[in-house]
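In case you want the letters, here they are:
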8 protein chains.
Amino acid sequence: QRTGYPETIFGSGKSANQIVGIINVLKEQEPCVLCTRIGKSKAAKIVKAIPAVHYFEEAKCLVVGQMPKPITRGSIAIVTAGTSDIPVAEEAAVTAEVFGNRVERVFDVGVAGIQRLFAKLDVIRQANVIILAAGMDGALASVVGGLVSQSVIALPTSIGYGSNFHGVSALLTMLNSCAEGVSVVNIDNGFGAAYCASVINRNN
Amino acid sequence: QRTGYPETIFGSGKSANQIVGIINVLKEQEPCVLCTRIGKSKAAKIVKAIPAVHYFEEAKCLVVGQMPKPITRGSIAIVTAGTSDIPVAEEAAVTAEVFGNRVERVFDVGVAGIQRLFAKLDVIRQANVIILAAGMDGALASVVGGLVSQSVIALPTSIGYGSNFHGVSALLTMLNSCAEGVSVVNIDNGFGAAYCASVINRNN
Amino acid sequence: QRTGYPETIFGSGKSANQIVGIINVLKEQEPCVLCTRIGKSKAAKIVKAIPAVHYFEEAKCLVVGQMPKPITRGSIAIVTAGTSDIPVAEEAAVTAEVFGNRVERVFDVGVAGIQRLFAKLDVIRQANVIILAAGMDGALASVVGGLVSQSVIALPTSIGYGSNFHGVSALLTMLNSCAEGVSVVNIDNGFGAAYCASVINRNN
Amino acid sequence: QRTGYPETIFGSGKSANQIVGIINVLKEQEPCVLCTRIGKSKAAKIVKAIPAVHYFEEAKCLVVGQMPKPITRGSIAIVTAGTSDIPVAEEAAVTAEVFGNRVERVFDVGVAGIQRLFAKLDVIRQANVIILAAGMDGALASVVGGLVSQSVIALPTSIGYGSNFHGVSALLTMLNSCAEGVSVVNIDNGFGAAYCASVINRNN
Amino acid sequence: QRTGYPETIFGSGKSANQIVGIINVLKEQEPCVLCTRIGKSKAAKIVKAIPAVHYFEEAKCLVVGQMPKPITRGSIAIVTAGTSDIPVAEEAAVTAEVFGNRVERVFDVGVAGIQRLFAKLDVIRQANVIILAAGMDGALASVVGGLVSQSVIALPTSIGYGSNFHGVSALLTMLNSCAEGVSVVNIDNGFGAAYCASVINRNN
Amino acid sequence: QRTGYPETIFGSGKSANQIVGIINVLKEQEPCVLCTRIGKSKAAKIVKAIPAVHYFEEAKCLVVGQMPKPITRGSIAIVTAGTSDIPVAEEAAVTAEVFGNRVERVFDVGVAGIQRLFAKLDVIRQANVIILAAGMDGALASVVGGLVSQSVIALPTSIGYGSNFHGVSALLTMLNSCAEGVSVVNIDNGFGAAYCASVINRNN
Amino acid sequence: QRTGYPETIFGSGKSANQIVGIINVLKEQEPCVLCTRIGKSKAAKIVKAIPAVHYFEEAKCLVVGQMPKPITRGSIAIVTAGTSDIPVAEEAAVTAEVFGNRVERVFDVGVAGIQRLFAKLDVIRQANVIILAAGMDGALASVVGGLVSQSVIALPTSIGYGSNFHGVSALLTMLNSCAEGVSVVNIDNGFGAAYCASVINRNN
Amino acid sequence: QRTGYPETIFGSGKSANQIVGIINVLKEQEPCVLCTRIGKSKAAKIVKAIPAVHYFEEAKCLVVGQMPKPITRGSIAIVTAGTSDIPVAEEAAVTAEVFGNRVERVFDVGVAGIQRLFAKLDVIRQANVIILAAGMDGALASVVGGLVSQSVIALPTSIGYGSNFHGVSALLTMLNSCAEGVSVVNIDNGFGAAYCASVINRNN
Ligand SMILES: Nc1ncnc2c1ncn2[C@@H]1O[C@H](COP(=O)(O)O)[C@@H](O)[C@H]1O
Ligand SMILES: Nc1ncnc2c1ncn2[C@@H]1O[C@H](COP(=O)(O)O)[C@@H](O)[C@H]1O
Ligand SMILES: Nc1ncnc2c1ncn2[C@@H]1O[C@H](COP(=O)(O)O)[C@@H](O)[C@H]1O
Ligand SMILES: Nc1ncnc2c1ncn2[C@@H]1O[C@H](COP(=O)(O)O)[C@@H](O)[C@H]1O
Ligand SMILES: [Mg+2]
Ligand SMILES: [Mg+2]
Ligand SMILES: [Mg+2]
Ligand SMILES: [Mg+2]
Ligand SMILES: [Mg+2]
Ligand SMILES: [Mg+2]
Ligand SMILES: [Mg+2]
Ligand SMILES: [Mg+2]
């Protein structure tokens, strides 16, 4: 049962050479291949070997072949609490775009300065699905979850220190969110959040 | 921004008297009220005070007023790995039905006997959204997630012992699922899984 | 270095007899004695032996002697996310009152329904110190912390289930709060939160 | 609701370039900007680009513009158990000074050599608020908390090894302190401790 | 290699009947048998079957046969932080006495009221070995450890709630104690602490 | 009681020089010596000093002397969920071969794409013992365990991120496996899995 | 792929009625059915309804129909460290016997009195497979594992208190055992240990 | 109350310059100063500045001034399970020697090859106090503890991987040791183990 989404390579732990090898096989059969978790210097080596790729530095994503046009009617809003959450959010954003979604970025609207969030609420509410990326207290999930009626994918990030335990505090906050309609993916799993959101957005 | 779903009372930690009080207020304004986490003896007291309620024993749910008719075109499949996961799955099922969804129950198809799962795969694939309830190893999420292209809500249960740590093993399995399109709710949170699934199913 | 506050007995793990014994010693020297963590049936036994006590059932607190009049100019606002947090909040409230503070109760204004919180923001902002009691996601601390400029004492409660881990999720949220000016006490430590708030309120 | 405190940039995870950019925007509107978590070599790059900054190496803090004069009547005592806790204490001290507080440093008075602590008790007691920074056993909070009647902000540090778990042992000690009037901030959060102390000190 | 100490039965999880059976075997060969972890009602049953036993209710210990006379020159001081730690301390005290040690009890001298501790310091310093029983913050180990030059056995108790995690906070404090000469036994292991102390005291 | 297996050196934490020294002693007495956990550059130094060694780069294993011929009638199947698990699986494979076993490698058949697993099921079922190496969700153990009747050694790997906690999620999944006949070794312990499998395979 | 072993019912969490129902279905098709985790009073109810069952009280196991005769040539040794581990060991023993194995019980030979273990070593070494059940320190696995060359299944039990964390200390000891040829099952999983041992013993 | 032991500097986290500074102050007043946790290159810098020091590379210890002669009648045996535990054991050994103790080293006698341990038992039993250093399963503490009647200080090391969790598995094994007379220090705390042992050895 094919999902119809482009093939994806998880770049972490693979060498540039290995990735080039996999791309060369896949690009014969696929119009578009997505590689995630590709750091800057690894990307440089891959780009040298396969020029027809586009590298998204902040997202650490690399797209081989034609970047797909948005084909969904509705959009996915990707919201972050802080600026440090943006790399994870960008992994989600590039993934969602590669999967044919319209994407609306709403960054740095954490609940400790809730007026910034309210200023963007209309934009958020126009989306079909909402991804909420937050580290530290992860409280964004509960606040936005309570303000919208769409599906919310909570995306905990590993941003924080001390008793944050590399994202555990945000993960637990989100799993225990008092707001309804919130489900959660793994810490820093921008790709997974986008995948879930895409499946929901496809139905609209 | 109203979701349009019936009001819900979380029964755990509230006395029968308190619940009767809340129901009496809500039932004036709402055609249907759902109470979750109501044990058998607490339910008996409430039923005595408010006869027009229906009690679902296995789900530990109590519905006040008219049980809504299914209004969605598509259905939610609620799948369990074992028979011990059924109470949590039933909380999800009754919630989903109260929220107007068609529900398909597929119980006891854990991956350790994978042929039972395959026998039900057609039924599962006909649903719009799939809830997977599993305790212990929680492996159902990865297997079914890989076999379907719909949204999957993984619902870890606290069934197990020893290094299960009251549901933690299943929760972690599901958060780390290799299958795409799987998001997760809190341990034993049947209500939350159904809520998420309902929001997705509404769009179809 | 005396704090000037009434003596307190921590009732948990002490028998009614033992508590009566301690009270009988203390009440000779102290105009007012506070006992915390006294369940209903234990309280009944103590009240029988020492009639001049007042029992606060929800707070599980028992005050021996004259309840002090409020002597602070400013007040302490005690805010809860849910109704289940009220017993812990009441332990804080009764303690604060016994310590001579004016207390403002603002209950059930959790962030998943943020409009209820905003409706009470003026009341909260009039206080000198704010205690925020929340379980589950503990997100109240971050939202209110960002909306006020006073001292905030975050009081995690053990309300929740599953990956709440008896209050750990709320505790971690609060320790990692993005809002400034928030410090934290132990899970369910209403007494401690009130003590900290009293010391701050005394200075005003 | 403005707090009146200088803007702060959390330097960790931001490049020198990014920080220079943010400073350049903020310094137009703010007489003083504080940057925390700036290592030595990152600081050198920033100082090159913006000469009018002062770098506090041990505190890893960088202050842009005019260092504020102390404006509070009372002071904040910042106490450490060991010498290794000093960097975290200095983050607290510089923050408190930037926020206009008088600061009294009392370093290396851990409870394993309690006479050193008693020698400094008078100094500590003259402060309005006390920050206690300690790693390893974190026992300083309980001892000092019992000896003073002011507000105590306990600041666990990540100093230690083995079952210290990067500060968890000190954090738990402080959350479970038997001394009254002690509240806690995140591990190594010198900035947060100073912020809380400033808000309390402002009232005096 | 015999230690020369009386045989001990760990009573927890054994029925009164089983214990009576074991005692009946052992008392033929041993002048004195110690049973620990015997609750009040189980003790009553054993006393009925074997009258020549002495039951120490607070210690939950039962001694069969002749209680040994103190044979050591020096003594073991058993110190507690609070009154709730006394049952664990009494398990240690009775064990130490059964093993022929002189025992000095110094109870309720927790560091949050350090003057009570100093009032007893002379008594503590006259002992050969010191057992420190404390729950919650466990800070007693660091303070006393720094004030004495003898061997200190730290005995964490499970007294506390919330982030105490049934004794983990005290255990970690003690393992990370900054004071030298402190070693640690399991949570609530009064028997083990006394055993270690006896071996050391035997050498003097 | 000799096992009859070649001596093994655990290379991690030993310098090239130290390993050369140990090999030089052992190779006098043993026809074959296995060194595990030898990185590429350490291996290069050892090969320079002792030319008669064979280095297995992916397995990080180094075999001194004659590689043993397979002597078992039956074989051990070594199965991985992903390609990232291959290094751990290769440590198991080389160990098993050094111990005289026939080895069947079946890599990259994770349950999220279960058809790839079914395609290899015949090969797996022909083995006498099966090692299942998987990280992330570790679900392979439950699925394969349910499909075969031989002994299964589950080998969790540390592949994953976030709430994987360096292999803990896979370890817990495997310990809680609903499939029967599955036992587990430490995270990344390819050597140990192969040892256990060899002992079982010897009996056939 | 049938294993050929009798059907098993996991009794925990099922009512006597439910179990009677399942037995009545299974006993038509199976000569022998094993039910585990059946407490004394639940067993009494089942025995009343289905007289042809045999109840093993210490093992909490109930066997329906003909108890199988031992059919294996070799035996399984089931060894415990203490007497408190016997119930878990008996679950393993009864399971192994129901699966047709000869079973050798060697109880109460924990390593703290290692001479008792050595006295039984010959008996242990005559077995084909060894199950080692231990709680608390779980050290039996390392000692026996080093003394025998057969397969060892380590079975951690939840016996202990304090930092035992309900069996976690024994589980970790066993997973980290320095002895070779040791694999591990879940805490208290006597059934699982016996299943693994049976599969190995079948091959001999 | 002076212990009479040389001053110690904890070298970790201090620069060579800082350590030289502290040494220069202390060496005026003390005949001998011990510095622990000094890596090779840091040691080289210190030796350059202060030639009259002796560096113990494996122990990572540096002794300033005259190395004390053994002054105790009895000795401390320092026993390790593996060769990887030797650095921690050497920190203990050098500390004990600097504190005037005779030290007996018995290395690499882990319980997985228990005959090596028995071969050394006489040597171990001649000591007054025994330090047992072990990582991974930490089982040495239980076995040796059961074989000797002296005081045993268990010293868990961080040697291991996977579910060893940097020494936690050995720490828990030791805290839960079934052998009597065993107390425990922090993971890798060779200094602390030696300190405790010295205090006990002084009494003999
Ligand atoms: N609810 C509470 N939570 C935490 N600490 C408390 C509480 N109530 C009282 N205490 C503290 O416990 C002390 C009395 O302890 P005790 O002597 O055991 O009764 C008081 O002085 C307070 O410091
Ligand atoms: N050392 C620190 N620890 C924790 N929070 C800090 C620290 N320094 C600054 N902050 C917070 O981080 C905010 C700025 O974050 P950012 O916008 O990412 O630079 C400030 O407003 C403070 O609330
Ligand atoms: N990769 C491995 N993981 C775990 N244990 C191993 C590994 N390789 C070897 N060993 C064990 O380590 C022992 C040798 O340890 P050593 O004497 O420190 O080299 C061998 O006999 C094996 O029991
Ligand atoms: N390796 C060690 N592990 C733990 N504590 C140590 C160690 N070495 C020295 N210490 C302690 O650290 C103290 C010195 O700390 P400092 O003043 O930071 O150098 C000594 O007096 C010892 O109590
Ligand atoms: Mg919502
Ligand atoms: Mg799918
Ligand atoms: Mg604020
Ligand atoms: Mg105080
Ligand atoms: Mg001392
Ligand atoms: Mg199987
Ligand atoms: Mg062996
Ligand atoms: Mg002993």
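Look a little higher up for the structure.
Residues numbered from 1 in each chain as written. Chains lettered and ligands numbered in written order. Predicted model: local features only at pLDDT ≥ 70, side-chain atom pairs only at ≥ 80, totals over all residues. Heavy atoms only, no water.

A. Spotlight on the coordination of the magnesium ion (ligand 7). Donor atoms from the polypeptide that coordinate the magnesium ion (ligand 7) comprise Gly145 of chain C (O) and Val148 of chain C (O), at 2.1 to 2.4 Å from the metal. Gly145 of chain C gets classed as buried once you look at its relative accessible area, which sits at 6%. (Donors = N, O, S within 2.8 Å, 3.2 Å for Na, K, Ca; no water. Buried < 20%, exposed > 50% of the residue type's maximum accessible area, 1.4 Å probe, protein only.)

B. Representation of the relation of the copies chain F and chain A in the model. When chain F is fitted onto chain A, the two copies agree to an RMSD of 0.0 Å after a turn of 90 degrees and an axial shift of 0.0 Å. The superposition of one copy onto the other is thereby described by a four-fold rotation axis. Measuring from the rotation axis to each C-alpha of chain F, the shortest distance belongs to Phe165 of chain F, at 7.3 Å. (Least-squares fit on C-alpha atoms with pLDDT ≥ 70 in both.)

C. Structural detail: the relation of the copies chain C and chain A. Expressed as a screw transformation, the operator carrying chain C onto chain A has a rotation angle of 180 degrees and an axial translation of 0.0 Å, and the superposed copies differ by an RMSD of 0.0 Å. Taken together, the turn and the small shift mark the pair as related by a two-fold rotation axis. Across chain C, the smallest distance between a C-alpha and the rotation axis is recorded for Ala139 of chain C, namely 2.5 Å.

D. Up close: the site of ligand 4. Around ligand 4, the surrounding shell consists of Tyr161 of chain D, Glu180 of chain E together with Thr8, Ile9, Phe10, Lys14, Thr36, Arg37, Glu91, Asn189 and Phe191 of chain H. More than one chain lines the surroundings of ligand 4; the residues nearby belong to chains D, E and H. Tyr161 of chain D places a side-chain nitrogen or oxygen 2.8 Å from a nitrogen atom of ligand 4. Across the complex, the protein chains shield 75% of the 500 Å² of accessible surface that ligand 4 would expose by itself. Examining the composition of the shell around ligand 4, we find that three residues originate from one element, strand β1 (residues 7-10) of chain H, more than from any other. Here the residues of the shell around ligand 4 are counted per class, giving four nonpolar, three polar and four charged. (Near = heavy atom within 4 Å. Polar contact = N/O pair within 3.5 Å; in protein donor to acceptor, adjacent residues only side chain to side chain. Areas by Shrake-Rupley, 256 points an atom, 1.4 Å probe, with all protein chains shown as cover. Helix = DSSP H or I, 4+ residues; strand = E, 2+ residues; numbered from the N terminus. Nonpolar A, V, L, I, M, F, W, Y, C, P; charged D, E, K, R; others polar.)

E. Looking closely at the state of the cysteines. Within the structure shown, the criterion is met by zero disulfides over all chains. Lacking any disulfide linkage, Cys178 of chain F is separated from the closest cysteine sulfur, that of Cys196 of chain G, by 14 Å. Cysteine Cys35 of chain G shares no disulfide, and the gap to the nearest cysteine sulfur, in Cys61 of chain G, comes to 8.6 Å. (Disulfide = S-S within 2.5 Å.)

F. Inspection of the interface of chain F and chain A at higher detail. Each partner contributes to the interface: chain F provides five residues, whereas chain A provides nine residues. Between chain F and chain A, the buried area comes to about 550 Å², and carbon and sulfur atoms account for 55% of it. By the criterion of area lost to chain A, the three top residues of chain F are Tyr161, Ser163 and Phe165 of chain F, representing 76% of everything that side buries. Applying the counting criterion to the chain F and chain A interface returns zero salt bridges. Connecting chain F to chain A are three residue pairs in polar contact (both at pLDDT 80 or more). Of the residues that constitute the side of chain F that touches chain A, the class distribution is two nonpolar, three polar and no charged. (Contact = heavy atoms within 4.5 Å. Buried area = accessible area lost by both parts, 1.4 Å probe. Salt bridge = Lys/Arg side-chain N within 4 Å of Asp/Glu carboxyl O.)

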